[in-house]
Amino acid sequence: MKQFFKNLFGGESTSLESLGAVGVDMHSHILPGLDDGADTLERSLELVQAMQQLGYRKLIMTPHIMSDFYRNTPEGIREKLELLRTAITEAGLQMELGCAAEYYLDEVFLEKLDNGDELLTFGDKYLLFETSFLNEPLNLREAIFKMRSKGYKPVMAHPERYSYFYGKFNDLIELREQGVLLQPNLNSLTGYYSPAAKTVIEKLIDNGLVDLVGSDVHSLKHIASLQKVLSTKYINKLLSLPLLNAQL
Ligand SMILES: [Fe+2]
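Residues numbered from 1 in each chain as written. Predicted model: local features only at pLDDT ≥ 70, side-chain atom pairs only at ≥ 80, totals over all residues. Heavy atoms only, no water.

Engineer: So, the overall build of the protein chain: which residues are in play, and what are the values?
Structural biologist: Within the protein chain, the regular secondary structure consists of nine helices and eight strands. For 248 residues, the compact-globule estimate of 2.2 N^0.38 gives 18 Å, and the C-alpha radius of gyration of the protein chain, at 18 Å, lies within 12% of that figure. Seen along its three principal axes, the alpha-carbon backbone of the protein chain occupies a region of about 65 × 45 × 30 Å. A buried classification covers 52% of the 248 residues belonging to the protein chain. Pairs at least 24 residues apart make up 80% of the contacts formed inside the protein chain by residues separated by at least 6 positions. When the accessible surface of the protein chain is summed, it comes to about 11600 Å², and 51% of that surface belongs to carbon and sulfur atoms. Between the averaged position of the 25 positive side-chain charges in the protein chain and that of its 33 negative side-chain charges there is a distance of 6 Å. (Helix = DSSP H or I, 4+ residues; strand = E, 2+ residues; numbered from the N terminus. Rg over C-alpha atoms; globule rule 2.2 N^0.38 Å. Buried < 20%, exposed > 50% of the residue type's maximum accessible area, 1.4 Å probe, protein only. Contact = heavy atoms within 4.5 Å. Areas by Shrake-Rupley, 256 points an atom, 1.4 Å probe, with all protein chains shown as cover. Lys, Arg positive; Asp, Glu negative; His and termini not counted. Charge placed at Lys NZ, Arg CZ, Asp CG, Glu CD.)

Set out below in structure tokens:
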């Protein structure tokens, strides 16, 4: 009978209680007033509390750095990290906090790499980057080569959301073979972004091509979707992969 219901509802998956098995989130926009994420310290606190309730024990927060819109600097990001650390202590919240950044792949990013400017990383020199959602950047491979030759380990944020990879799954396999770690967003499991992104994250999981997972939380609406992730068909299969999150 149990097998019957398992087949009927189409999954190996049983609903999870929390995201405690992920433990460490390495992609969010929870730091206040730096980008399109939390705009005030109060909002940041709400999000930290919500992430704690979801089961996370550590948050590595990654504001956008994008030359056209978000000209964040390592100093400015660290300043906000200290502000939020103080606020969570005062609020009596238990959460380990760290920071890095989500670098948009543009000319300024390449210049920073060339000049040897400080880039914010997490863990073992992991460097989180994102690209245009629509067009494959002409300099994608050049940027990857540069990141790696400077000793960084490039991590591609939400590969399942780039439409230029749709119908070109082999390109993602190739990127990973070239040393790019792949970090899909948990919320793609619910179809939050699009049906296509859901299809790609499931294919990445089926092929064991996921290195890290991120929440990419900007606001409470992302938290509501993360609660739905707990009962998606693929969450258990995803968590059975050798993800790097817990060791960060
Ligand atoms: Fe992000």
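There's more to say after this.
Engineer: Tell me about the coordination of the iron ion, and please be specific about residues and values.
Structural biologist: Octahedral metals with six donors have ideal donor angles of 90 or 180 degrees. Tetrahedral metals with four donors have an ideal donor angle of 109.5 degrees. Here the iron ion is held by the protein donor atoms His27 (NE2), His29 (NE2), Glu102 (OE) and Asp216 (OD), which lie 2.1 to 2.3 Å from it. Considering all four donor atoms around the iron ion, angles at the metal cover 82 to 165° and the coordination shape is irregular. Within one chain, the residues donating to the iron ion are spaced in sequence as H-x1-H-x72-E-x113-D. In this pair, His27 sits in the loop between strand E1 (24–25) and helix H2 (41–54) while Asp216 sits in the loop between helix H7 (195–206) and helix H8 (220–229), placing the two residues 189 residues apart along the sequence. A residue is classified by how much of its surface remains accessible, and His27, at 0% relative accessible area, is buried. A relative accessible area of 3% means that Asp216 is categorised as buried. (Donors = N, O, S within 2.8 Å, 3.2 Å for Na, K, Ca; no water. Tetrahedral: all angles 85-135°; square planar, octahedral: opposite > 155°, others 65-115°.)

Engineer: Any chance you could break down the environment of Tyr152 for me, citing the residues and the numbers?
Structural biologist: Mapped onto the elements, Tyr152 comes out in the loop between helix H5 (140–149) and strand E7 (153–157). Sequence separation between Tyr152 and Leu119 is 33 residues; the distance between their C-alpha atoms is 9.5 Å.

Engineer: Go over the confidence of the model for the protein chain, please, and point to the residues and values.
Structural biologist: Mean pLDDT for the protein chain: 94, with 94% of residues reaching 70 or above. This stretch, residues 1–11, has a pLDDT under 50; its non-local contacts, to residues over four places away or in other chains, come to four contacts. (pLDDT = per-residue confidence, 0-100.)

Engineer: Describe in detail the sheet that holds strand E2 (residues 58–61), supporting the description with residues and values.
Structural biologist: Strand order in this open sheet of three strands is E1-E2-E4, and the pairing throughout is parallel. Of all strands in the sheet, those with a lone pairing partner are E1 and strand E4 (96–99), marking the two edges. Sheet topology places E2 next to E4; four bridges connect them, and they run parallel. Counterpart to Leu59 in the pairing with E4 is Leu97. Its contacts with the sheet put helix H3 (residues 74–90) on E2 and E4, and the angle it makes with E4 is roughly 170°. (Pairing = 2+ DSSP bridges. Axes fitted to C-alpha atoms, helices over the stretch in contact; angles between N-to-C directions.)

Engineer: Explain the pattern of salt bridges residue by residue, including any values.
Structural biologist: Evaluation of the coordinates by the stated rule reveals 11 salt bridges. With a shortest N-O distance of 2.4 Å, Glu118 and Arg78 are connected by a salt bridge. Note that Glu118 is positioned in the loop between helix H4 (107–115) and strand E6 (126–130) and Arg78 in helix H3, a separation of 40 residues in sequence. With a closest N to O distance of 2.9 Å, Arg176 and Asp211 form a salt bridge. Residue Arg176 is found in helix H6 (residues 169–177), and its partner Asp211 is found in the loop between H7 and H8; the two are separated by 35 residues along the sequence. By sharing partners, the salt bridges in this structure join Asp114, Glu142 and Lys146 into a single network. (Salt bridge = Lys/Arg side-chain N within 4 Å of Asp/Glu carboxyl O.)

Engineer: Give a detailed account of unusual backbone geometry, specifying residues and quantitative values.
Structural biologist: Positioned with a positive phi, His158 is a non-glycine residue whose angle comes to about 30°. A relative accessible area of 1% means that His158 is categorised as buried. The residue Asp216 is not glycine, and still its phi comes out positive at about 50°.

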